[in-house]
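# Structure assessment
Each chain, written out:
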Amino acid sequence: MGGWTAGDIPDLRGRRAIVTGANSGIGYHTALQLAKHGASVVLACRSAERGQAAFDRMKVAAPGADIALGSLDLADLASVRTFAARHGDAPLDILVNNAGVMAIPRRSTADGFEMQFGTNHLGHFALTGLLLSSLRAAPSARVVTVTSAFAWSGRIRFDDLQYERGYRKWSAYGQAKLANLVFARELDRRAPEVTSVAAHPGYAATNLQQTGPRMQGNSFMEKVTGVGNALMAQSAAAGALPSLYAATAPEVKGGGCYGPRLLQYRGSPTEVVTPPQADRPGLGDRLWEISETLTGVSYAQAPA
């Protein structure tokens, strides 16, 4: 099956990139390919142990690559601020907001937010805002925010964003992934000097599918999802292609969403249609205002 591949990534020498959740899965392969094509890449990882293992593995896979390891816990706004202070002192060409959690039992972040909304959306919202001046300092910066096909089932529950009334793990995941998509588009509108896009991997085999059952102690579902990954999913390397395309392809358009060509399930990356609720009038403004209030990060304060 033809189409765009990692071999089509242009020369990225002289460009700097940050990839969140780069220790495994789609984030690892995104960071690896950016580094292989010459970018200076920061692997932004929550676990120091898993981050170091990914760093060591990447050094073997891409000898001579310019990579660094950074500590970032998106479920803790203090960690987000510390990371941004350490890595926001130079122009930033590519930010890939990749890290996330999926369909886990109800947990709260260090700041009291529902874990999926707090990590997947609010953590990345804060990180991007804190790095905005570095992005604006680059000549043609891009922000890629990873969403999911589950955004189609999502609804932003402004009356209960933290799911304090009747938590449903898949509904909470859909809300977070719709928020990712809405954020990507709203950022492109509000910061036109930065190209902001969304991407999603389709069905790719990563550890996300098994984490939820494992946290619930459901060994049967953990095995079922593992079998499903093995039989039906594309590889994590293939799942990273939409993010890589969105981050590097010259024809990418701000505000667009990029995913697998074949029914948004698998295949080479292309621009894909998005759920109609993502374009509901006023949704982006309302989500933005609430996100600034919850995180304490104001984009208006970032130097233009």
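A few points on the structure. For clarity, every value in this text was computed on a predicted model and none was experimentally measured. (Residues numbered from 1 in each chain as written. Predicted model: local features only at pLDDT ≥ 70, side-chain atom pairs only at ≥ 80, totals over all residues. Heavy atoms only, no water.)

### Some thoughts on a positive patch on the surface
Counted only if it meets this: A patch consists of residues whose relative accessible area exceeds 30% and which take part in no salt bridge; residues with like charges are grouped when within 9 Å of each other, and nonpolar side chains (Val, Leu, Ile, Met, Phe, Trp, Tyr) when within 5 Å. Where accessible areas are quoted, they stem from the Shrake-Rupley method and a 1.4 Å probe; at the residue level, only the protein chains shown are allowed to cover. Note on definitions: salt bridges are taken to be side-chain nitrogens of Lys or Arg within 4 Å of carboxyl oxygens of Asp or Glu. Neither His nor the chain ends is counted toward charge; the positive residues are Lys and Arg and the negative residues Asp and Glu. Charged side chains are reduced to one point each, which is NZ for Lys, CZ for Arg, CG for Asp and CD for Glu. Only DSSP runs of H or I covering at least 4 residues are called helices, and only runs of E covering at least 2 are called strands; the numbering of each starts at the N terminus. Only protein chains enter the area calculation, which uses a 1.4 Å probe; residues under 20% of their type maximum are buried, those over 50% are exposed, and those in between are partly exposed.
Residues R155, R168, R280 and R286 make up a contiguous surface patch of positive charge. Locating R168 in the fold gives a position in the loop between β5 (142–146) and α6 (169–190). For R168, a relative accessible area of 43% corresponds to the partly exposed category.

### Considering the sheet that holds strand β4 (residues 94–97)
Put simply, the rule reads: If DSSP finds at least two bridges between two strands, the strands pair. Under this scheme, a helix contributes an axis fitted over its contacting stretch, all axes are lines through C-alpha atoms, and angles between N-to-C directions fall in the 0 to 180 degree range. In this description, contact between two residues means that some pair of their heavy atoms is separated by no more than 4.5 Å.
Strand order in the open sheet made by the eight strands is β3-β2-β1-β4-β5-β6-β7-β8, with mixed pairing throughout. Sheet topology places β3 (67–71) and β8 (266–271) at the edges, where each strand pairs with a single neighbour. Sheet twist, expressed as the average angle between the axes of neighbouring strands with direction ignored, equals 25 degrees. Both strand β2 (residues 40–45) and β3 contribute to a ladder of five bridges, which runs parallel. By the bridge assignment for β3, C45 is matched with S71. The strands touched by α6 are β4, β5, β6 (195–199) and β7 (257–262); relative to β6, the strand with the most contacts, the crossing angle is about 160 degrees. Across the sheet, helix α10 (residues 241–248) is in contact with β4, β5, β6, β7 and β8; its angle to β5 comes to roughly 160 degrees.

### Topic: unusual backbone geometry
In this structure, A103 is a non-glycine residue whose phi angle is positive, near 50 degrees. With respect to the secondary-structure elements, A103 resides in the loop between β4 and α4 (115–130). One non-glycine residue with positive phi stands out, namely Y163, at about 50 degrees. Following the sequence through the fold, Y163 ends up in the loop between β5 and α6.

### Quick notes on the pattern of salt bridges
Scanning all chains against the criterion turns up eleven salt bridges. Notably, a salt bridge pairs R15 with D93, separated by 3.8 Å at the nearest N-O pair. Of the two residues, R15 is situated in the segment before β1 (16–20) and D93 in the loop between α3 (77–87) and β4; the sequence distance between them amounts to 78 residues. Each of the salt bridges in this network shares a partner with another, and the network as a whole consists of E186, R189, R190 and D285.

### Looking at a nonpolar patch on the surface
Residues L262, L263 and Y265 make up a contiguous nonpolar surface patch of about 320 Å² in total accessible area. With respect to the secondary-structure elements, L262 resides in strand β7.

### Section: empty space enclosed by the protein
In plain terms, the rule: The pocket and cavity definitions rest on a 1 Å grid over protein atoms only: a 1.4 Å probe that fits but cannot leave marks a cavity, an open set with protein on both sides within 12 Å along at least five of seven lines marks a pocket, and residues lining either have an atom within 4 Å of a point. Grid points are joined across faces, edges and corners, and a volume is the space filled by probe spheres set on the points. Throughout, the ten residues Ala, Val, Leu, Ile, Met, Phe, Trp, Tyr, Cys and Pro are labelled nonpolar, Asp, Glu, Lys and Arg are labelled charged, and all others, Gly among them, are labelled polar.
Inspection of the entire model under this criterion finds one cavity of 30 Å³ or more. There is about 40 Å³ of room inside the largest cavity. What lines the largest cavity is T147, S148, A149, A151, W152, L181, H200, C257, Q264, V273, T274 and P275. Residue composition of the lining of the largest cavity, by class: seven nonpolar, five polar and no charged.

### A word on the environment of A31
For A31, the location among the structural elements is in helix α1 (residues 25–36). C-alpha separation for the pair A31 and L43, spaced twelve residues apart in sequence, amounts to 7.1 Å. Not counting chain neighbours up to four residues away, the residues in contact with A31 comprise V19, A22, V41, L43 and M58.

### Here we look at the layout of surface pockets
Space inside the second largest pocket adds up to approximately 150 Å³. Along its surface, the second largest pocket is lined by V182, R185, E186, R189, A278, D279, R280, G282, L283, G284 and D285. Among the secondary structure elements, those contributing two or more residues to the lining of the second largest pocket are α6 and α11 (283–295). Looking at the lining of the second largest pocket element by element, the count peaks at four residues for α6. When its residues are assigned to classes, the lining of the second largest pocket shows three nonpolar, two polar and six charged.

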